[in-house]
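# Overview (structure and organization)
Listed below, chain by chain, are the residues.
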Amino acid sequence: MDKNKVIRSHLSPYRGLESRRPWCRASSRPPTLVITVSVVAALLVGVVLFGVRLTPSGGNNTWVSAGVRDVLNAVSSKQGTTAGPLATVPDPRDRLLGGLLSPDFDESSCLSRYRAALYRRPSPHAISTYLISALRRYESLHRRCGPGTSAYARAVERLRASSPNASTSSSSPSADDCSYLVWNPIEGLGNRILTITSGFLYALLTDRVLLLHSSGGALDDLFCEPFPGGSTWILPEDDNDFPIRDMGSLNGGHHESLRSVLRRGEEPGAAGASPWLYVHLRHDYSKIHHDQQFFCDDTDAALRRVPWLVFQSDNYFVPGLFLIPRHEAELSRMFPRRDLVFHHLGRYLFHPSNTVWDMVTRYHDEYFAKADDERVGIQVRRFRWAPISTDELYGQILNCTQRETILPVPNVAATGGSDGEPAKQKAVLVVSLHGEYSEKLRDLYNNNNNGSTSTTGREAVSVHQPTHLGAQRSGVQEHNQKALAEMVLLSFSDAVVTTAVSTFGYVGQGLAGLRPWVLMSPVDGKAPDTPCRHAATMEPCFHAPPKYDCRAKTNGDAGRIVRHIRHCEDFPQGVQLVE
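Since this is a predicted model, take the numbers as computed values, not measurements. (Residues numbered from 1 in each chain as written. Predicted model: local features only at pLDDT ≥ 70, side-chain atom pairs only at ≥ 80, totals over all residues. Heavy atoms only, no water.)

### Concerning the confidence of the model for the protein
Applicable threshold: Values of pLDDT, which run from 0 to 100, indicate the predictor's confidence residue by residue. Two residues qualify as a contact provided that any one of their heavy atoms is within 4.5 Å of a heavy atom in the partner residue.
Predicted confidence across the protein gives a mean pLDDT of 82, with 77% of residues reaching 70 or more. Per-residue pLDDT stays below 50 along residues 1-84; that stretch engages in 193 contacts with residues further than four places along the chain or on separate chains. Contacts for the low-pLDDT stretch residues 163-173, under 50 throughout, to residues beyond four places or in other chains number 21 contacts.

### Comments concerning the pairing of strand 9 (residues 374-379)
Worth spelling out the cut-off: Accessibility here uses a 1.4 Å probe with only protein chains present; expressed as a share of the type maximum, an area under 20% marks a residue as buried, one over 50% as exposed, and anything in between as partly exposed. Helix and strand definitions follow DSSP, with helices as H or I runs of at least four residues and strands as E runs of at least two, each counted in order from the N terminus. If DSSP finds at least two bridges between two strands, the strands pair.
Extensive coverage of strand 9 is indicated by the burial of six of its six residues. Residues Glu374, Val376 and Ile378 of strand 9 are buried on one face, and the alternating residues Arg375, Gly377 and Gln379, pointing to the opposite face, are buried as well. In terms of strand pairing, strand 9 meets strand 11 (residues 424-431) through six bridges, oriented parallel. Residue pairing across strands places glutamine 379 opposite valine 431, the latter belonging to strand 11.

### Points about the sheet that holds strand 16 (residues 532-534)
Counted only if it meets this: Geometry is summarised by axes, namely lines fitted to C-alpha atoms with helices restricted to the contacting stretch, and by angles between N-to-C directions that run from 0 to 180 degrees.
The sheet built from six strands is open, its strands ordered 13-11-9-14-15-16 with mixed pairing. With partners counted over all chains shown, the strands left at the sheet margins are strand 13 (459-464) and strand 16, one partner each. The sheet shows a mean angle of 20° between the axes of neighbouring strands, taken without regard to direction. Against the sheet, helix 18 (residues 503-512) touches strand 9, strand 11 and strand 14 (495-499), its axis set at about 165° to strand 14.

### Things to note about the packing of helix 4 (residues 129-145) against helix 7 (residues 189-206)
Convention followed: The scheme is simple: roughly parallel for angles under 35 degrees, roughly antiparallel for over 145, roughly perpendicular for 65 to 115, oblique for anything else.
With their axes 10 Å apart at the nearest point, helix 4 and helix 7 run at an angle of 85° to one another. Classified by the angle between their axes, helix 4 and helix 7 sit roughly perpendicular to one another. Residues Ala134, Leu135 and Tyr138 of helix 4 touch helix 7, and the partners they reach there are Phe200, Ala203 and Leu204.

### Considering the packing of helix 7 against helix 18
The following threshold applies: Each crossing is labelled by how the near helix is turned from the far one, with a counterclockwise turn of less than a right angle marking it left-handed and a clockwise turn marking it right-handed.
Running from amino to carboxyl end, helix 7 crosses helix 18 at an angle of 55°, the nearest separation of the two axes being 7 Å. Taken together, the axes of helix 7 and helix 18 lie oblique to each other. Read as a crossing pair, helix 7 and helix 18 show a hand that is left-handed. Where helix 7 abuts helix 18, its residues Gly190, Asn191, Ile193 and Leu194 lie against Thr503, Tyr506 and Val507.

### Here's the deal with the packing of aromatic side chains
Definition in use: Note on ring pairs: Phe, Tyr and Trp rings are taken, using the six-membered ring of Trp, and paired if centres are within 6.5 Å. Classes follow the plane angle, with under 30 degrees stacked, over 60 edge-to-face and the rest tilted. As a reminder, the over-ring test applies to NZ of lysine and CZ of arginine, requiring each to be within 6 Å of the ring centre and within 35 degrees of the ring normal.
Considering all chains together, one arrives at 23 aromatic pairs under this definition. For the pair phenylalanine 223 and phenylalanine 350, a centre-to-centre distance of 5.2 Å together with 55° between the ring planes defines the contact as tilted. Taken together, the residues span a long stretch of sequence, with phenylalanine 223 in the loop between strand 6 (208-212) and helix 8 (258-263) and phenylalanine 350 in the loop between helix 13 (341-349) and helix 14 (354-367) at a distance of 127 residues. Per residue, the accessibility class of phenylalanine 223 equals that of phenylalanine 350, and both read buried. Geometrically, the ring pair formed by phenylalanine 227 and tryptophan 233 is edge-to-face, given 5.8 Å between the ring centres and 90° between the ring planes. Through a chain of ring-to-ring contacts, three or more aromatic side chains come together here, namely Tyr202, Phe294, Phe295, Phe311, Phe317 and Phe542. Over the face of the ring belonging to phenylalanine 105 we find arginine 113, whose NZ or CZ atom lies 3.5 Å from the ring centre.

### Overview of the pattern of salt bridges
Selection criterion: By convention in these notes, a salt bridge is any Lys or Arg side-chain nitrogen within 4 Å of a carboxyl oxygen on Asp or Glu.
Evaluated as defined, the whole model comprises 19 salt bridges. Across the pair aspartate 358 and arginine 362 runs a salt bridge, and its minimum N-O distance is 2.7 Å. Placement of both aspartate 358 and arginine 362 in helix 14 is noted, with a separation of four residues, approximately one turn of the helix. In this structure aspartate 358 comes out as partly exposed when scored by relative accessible area, which is 23%. Among the salt bridges present, the one from aspartate 391 reaches lysine 440, with a minimum N-O distance of 3.3 Å. Of the two residues, aspartate 391 sits in helix 15 (residues 390-403) while lysine 440 sits in helix 16 (residues 436-446), which places them 49 residues apart along the sequence. One salt-bridge network, in which partners are shared between bridges, spans Glu374, Lys424, Lys426 and Glu459.

### So, the sheet that holds strand 7 (residues 276-281)
Taken together, the four strands give an open sheet; going across it, the order is 6-5-8-7, and neighbouring strands pair in parallel fashion. At either margin of the open sheet sits one strand with a lone partner, and together these are strand 6 and strand 7. The sheet shows a mean angle of 25° between the axes of neighbouring strands, direction not considered. For strand 5 (residues 179-184) and strand 8 (residues 308-313), the ladder comprises five bridges, and the chain directions are parallel. Following the sheet pairing, leucine 181 is matched in strand 8 by leucine 309. Lying on the sheet, helix 4 is in contact with strand 5 and strand 6; it crosses strand 6 at an angle near 70°. Packing against the sheet, helix 7 makes contact with strand 5, strand 6 and strand 8, and its axis sits at approximately 160° to strand 6.

### A word on the pairing of strand 13
The element strand 13 is extensively covered by neighbouring structure, given that five of its six residues are classed as buried. Relative to strand 13, strand 11 runs parallel, the two sharing six bridges. Each bridged residue has a counterpart across the sheet, and for leucine 429 the counterpart in strand 13 is histidine 464.

### So, the state of the cysteines
Note: disulfide means a covalent bond formed between the sulfur atoms of two cysteine side chains. For clarity, the threshold we go by: In this description, the term disulfide denotes a pair of cysteine sulfurs within 2.5 Å.
In total, this model carries five disulfides according to the counting rule given. Each sulfur of the disulfide joining cysteine 145 and cysteine 178 lies 2.0 Å from the other. On the sign convention where negative is left-handed, the bridge of cysteine 145 and cysteine 178, at about -65° about the S-S bond, is left-handed. Note that cysteine 145 is positioned in helix 4 and cysteine 178 in the loop between helix 6 (166-169) and strand 5, a separation of 33 residues in sequence.

### Looking at the environment of arginine 381
Relative to the helices and strands, arginine 381 is located in the loop between strand 9 and helix 15. Residues arginine 381 and leucine 393, twelve residues apart in the sequence, show an inter-C-alpha distance of 9.8 Å.

### Here's the deal with the nonpolar core
Operational definition: To form a nonpolar core, buried Ala, Val, Leu, Ile, Met, Phe, Trp, Tyr and Cys residues must be joined to one another through side-chain atoms within 4.5 Å.
By size, the foremost hydrophobic cluster in this structure holds 124 residues, and its most contacted members are Phe200, Leu201, Leu210, Phe294 and Trp308. Top contributing element to this core by residue count: helix 7, with ten residues. In this structure, tryptophan 308 is in contact with Tyr152, Ala155, Val156, Leu159, Tyr180, Val182, Arg208, Leu211, Phe242, Pro275, Trp276 and Leu277, ignoring residues within four places of it in sequence. One finds Val376, Tyr394, Ile406 and Val430 within the second-largest nonpolar core, a separate group that totals 22 residues.

Here you go:
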């Protein structure tokens, strides 16, 4: 199969982790965000010089960029203006992340939900108050319509009926009816996290309840329930209770798929149609326009009449939702800065289970607790379609990290500065299926001074790797738990280096809220002349975007349709959200 179509997720399982003490920055992390007039002025100059997208900042129709507007709103809220801000920067001490998280949970049931903020760098990124209200509305919907409720039972009964009644199939659901979006797992954990996020955003936009089909226990003891109210987001596993059978075998050619319905010239949700539909959003839809019409306005409107949608994807298809004109206004209110979608939704949805959180805190406290000054995450993945030798890739990592001053060039023992101050402690976390890269880095920084050398005598470097199991085993629960723990540890970094095209890296950088340094793909087995690039966005790449331009009704380039969607630096065939 073409290498550009086979984009796999990237797991790095590991061993047990030890100890538990929150890591908090002191002098390097101020407790409050101070925004000066000069900063705002500089941002406004950026509008003029760099031509950023301009949008109205309020009733006076002053035009500013979305990023500047967020800052102005944060300033105005600090000054006590009467009008509520469109977006606010979370207080680093706020365990609810500025309102992103609901307070309606028993903390002991999910230790990571409110404690992760003690370990992770505080997010400087403003949260839209509209997004917060949308999340609260969704929680209310899930509480009313989720599994275990009478509304869910009625919806399953209508689905079970061999001939759906007219009110179910010919019109939009009534106020008392509920609509659902069922996620079907495929690929590894990185892909699954990104596709769940994509599905959740679609559910937010279309007033659907997101349910996860945890086939074969794919999500067992990985994540805490993200929605309060006691109703799970896991689809009940009892086959006798759920009428759609063999969901794992669904494909684009199924009789009840969107592709088949459109090929037959039928309209989804029309009178007498099936009350459910399968939507195929995998990479192999690329040459089939019927699947890609999921991202078209008229198809989106028709799908609202279908009570149950089942989808399968190995893509972060969030950018595709930004191509649908009917959702443009809603998305701009939720995300005034387009490059923060996964950062906010990822922190909202994915809280490691207590089992995984114990792994995270034990490893953190064993290796990171003493390295208070800086933590560097390096995520390394090798792909069969992009071969490169161990030595060549190690040289690329070294070239990137030292050229960009992420790691020091070792030549002077880190014994402290001339003023007698202790050396700066820099802990390096290497996340990889293979142990050679951390071993080589550890040897490099161990040669001269028992594990710490530096260019200036002021940086002591320690290198750690949780595991190096050699192969990805996404069907094994323990490996998935260890992979999730490594993603979370990566998100605790102050700077991250990731591998191009890696969904594992996308998750880590997004949860961290950092633009990564990306190790570019090899060329003919060799590291490229530019070993890494500082990414333009923290957003994941949509590797297989639609090639069908709904507006022109012909082939098109998804990277040129709207201004805030551009081609990915690490995978030019894909597209991603930028600000």
